[in-house]
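The residues making up each chain are set out below.
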Amino acid sequence: MEDAGLERLMSLRGLRRTPQRVAVWNALAESPGQTIRELAARLQGSGIGQATVYRAVRALEDAGLLLRYAAPRGELRYAAVLGHAHLLVCEECGSVRSLEQCGLAAYEDEVARTTDYRISGHTLVVYGVCPACQEAL
Ligand SMILES: [Zn+2]
Ligand SMILES: [Zn+2]
């Protein structure tokens with residue numbers, strides 16, 4: 001998938017491009033919303049050990065290329081992103097997609113003004129029921 005964008009962002013953020021990191025990111029881009037255990041099981045077949053998967057997930061998350069979120073049942077899942085994004089999660093089927101448009105700049109300004117905090121960023125996960133699940137209900 002978006003390998004050119006990924007490569008550019010990895011170098012932009014000082015993250016060394018290793019085949020393992022790229023494999024982890026690609027696995028989550030192809031099948032978003034996996035737990036780290038599911039991801040490790042999936043990548044075992046490619047000869048990537050569990051400890052390597054955990055380290056790659058942490059490095060990619062620190063670089064803002066993976067987002068971690070609490071799924072409707074509470075377990076932590078991951079989605080691959082290319083830069084700032086919000087996540088939209090279906091509470092019925094658990095599907096997740098990213099929303100690249102962020103409308104929260106004015107909100108951050110207001111929070112900064114009313115609290116005197118110096119704001120460094122935010123994460124947002126939006127929950128709902130996807131169109132396919134609405135039809136099935
Ligand atoms: Zn759904
Ligand atoms: Zn945002």
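So, a few notes on the structure that sits alongside this text.

Rules used in this analysis
Residues numbered from 1 in each chain as written. Chains lettered and ligands numbered in written order. Predicted model: local features only at pLDDT ≥ 70, side-chain atom pairs only at ≥ 80, totals over all residues. Heavy atoms only, no water. Helix = DSSP H or I, 4+ residues; strand = E, 2+ residues; numbered from the N terminus. Buried < 20%, exposed > 50% of the residue type's maximum accessible area, 1.4 Å probe, protein only. Contact = heavy atoms within 4.5 Å. Areas by Shrake-Rupley, 256 points an atom, 1.4 Å probe, with all protein chains shown as cover. Pairing = 2+ DSSP bridges. Axes fitted to C-alpha atoms, helices over the stretch in contact; angles between N-to-C directions. Donors = N, O, S within 2.8 Å, 3.2 Å for Na, K, Ca; no water. Tetrahedral: all angles 85-135°; square planar, octahedral: opposite > 155°, others 65-115°. Salt bridge = Lys/Arg side-chain N within 4 Å of Asp/Glu carboxyl O. Core = buried A, V, L, I, M, F, W, Y, C linked by side-chain atoms within 4.5 Å. Expected span 1.5 Å × (residues − 1).

So, about the overall build of the protein. Looking only at helices and strands, the protein has 6 helices and 5 strands in total. Taken over the C-alpha atoms alone, the protein extends approximately 50 × 45 × 25 Å along its principal axes. For the protein, the proportion of its 137 residues judged to be buried stands at 35%. Of all intrachain contacts in the protein linking residues separated by at least 6 positions in sequence, the fraction that spans at least 24 positions is 45%. Surface summary for the protein: the accessible area is close to 8,700 Å², and the carbon and sulfur share equals 48%.

The 3 strands lie next to each other as E4-E3-E5, forming an open sheet whose pairing is mixed. Single-partner strands in this sheet number two, and they are strand E4 (96–99) and strand E5 (125–128). Direction aside, the axes of adjacent strands within the sheet are offset by 25° on average. In the sheet, strand E3 (residues 86–90) pairs with E4 via 4 bridges, with the strands oriented antiparallel. Bridge pairing in E4 places His86 opposite Leu99.

Bringing the coordination of the zinc ion (ligand 2) into the picture now. Here the zinc ion (ligand 2) is held by the protein donor atoms His84 (NE2), His86 (NE2), Cys102 (SG) and His122 (NE2), which lie 1.9 to 2.3 Å from it. If you look at the zinc ion (ligand 2), its 4 donor atoms make angles of 104 to 117° with each other, and the shape they trace is tetrahedral. Mapped onto the sequence, the donors of the zinc ion (ligand 2) take the spacing H-x1-H-x15-C-x19-H.

Counted according to the given criterion, the structure contains 4 salt bridges. Between Arg68 and Glu61 there is a salt bridge whose closest N-O contact spans 2.9 Å. Residue class for Arg68 comes out partly exposed when judged on its relative accessible area of 45%. Taking relative accessible area as the criterion, Glu61 reaches 23% and is therefore assigned partly exposed. For Glu75, the salt bridge identified is with Arg77, shortest N-O distance 2.9 Å.

Moving on, we come to the nonpolar core. Formed by 25 residues in total, the largest nonpolar core has its most connected members in Val24 and Leu65. Secondary structure elements with two or more residues in this core: helix H1 (3–12), helix H2 (19–30), helix H3 (36–44), helix H4 (50–62) and strand E2 (76–80). Those residues within four positions of Leu65 in sequence are excluded, and the remaining contacts are Leu6, Leu9, Met10, Arg13, Leu15, Trp25, Leu60, Ala79, Ala80, Val81 and Leu82. Core analysis: the next-biggest nonpolar cluster, separate from the first, contains 9 residues, Ala79, Ala85, Leu87 and Val89 among them.

This next bit is on H2. When the terminal C-alpha atoms of H2 are compared, their 16 Å separation across 12 residues agrees well with the 16 Å that a helix rising 1.5 Å per residue should span. Looking only at H2, the buried set comprises Arg21, Val22, Val24, Trp25, Asn26, Ala27, Leu28 and Ala29.

Let us look at the coordination of the zinc ion (ligand 1). Every protein donor of the zinc ion (ligand 1) is listed here as Cys90 (SG), Cys93 (SG), Cys130 (SG) and Cys133 (SG), and their distances to the metal cover 2.3 Å. Coordination at the zinc ion (ligand 1) is tetrahedral: its 4 donor atoms span angles of 103 to 119° at the metal. When the donors of the zinc ion (ligand 1) are listed by position in the chain, the intervening gaps give C-x2-C-x36-C-x2-C. Note that Cys90 is positioned in strand E3 and Cys133 in helix H6 (residues 131–136), a separation of 43 residues in sequence.

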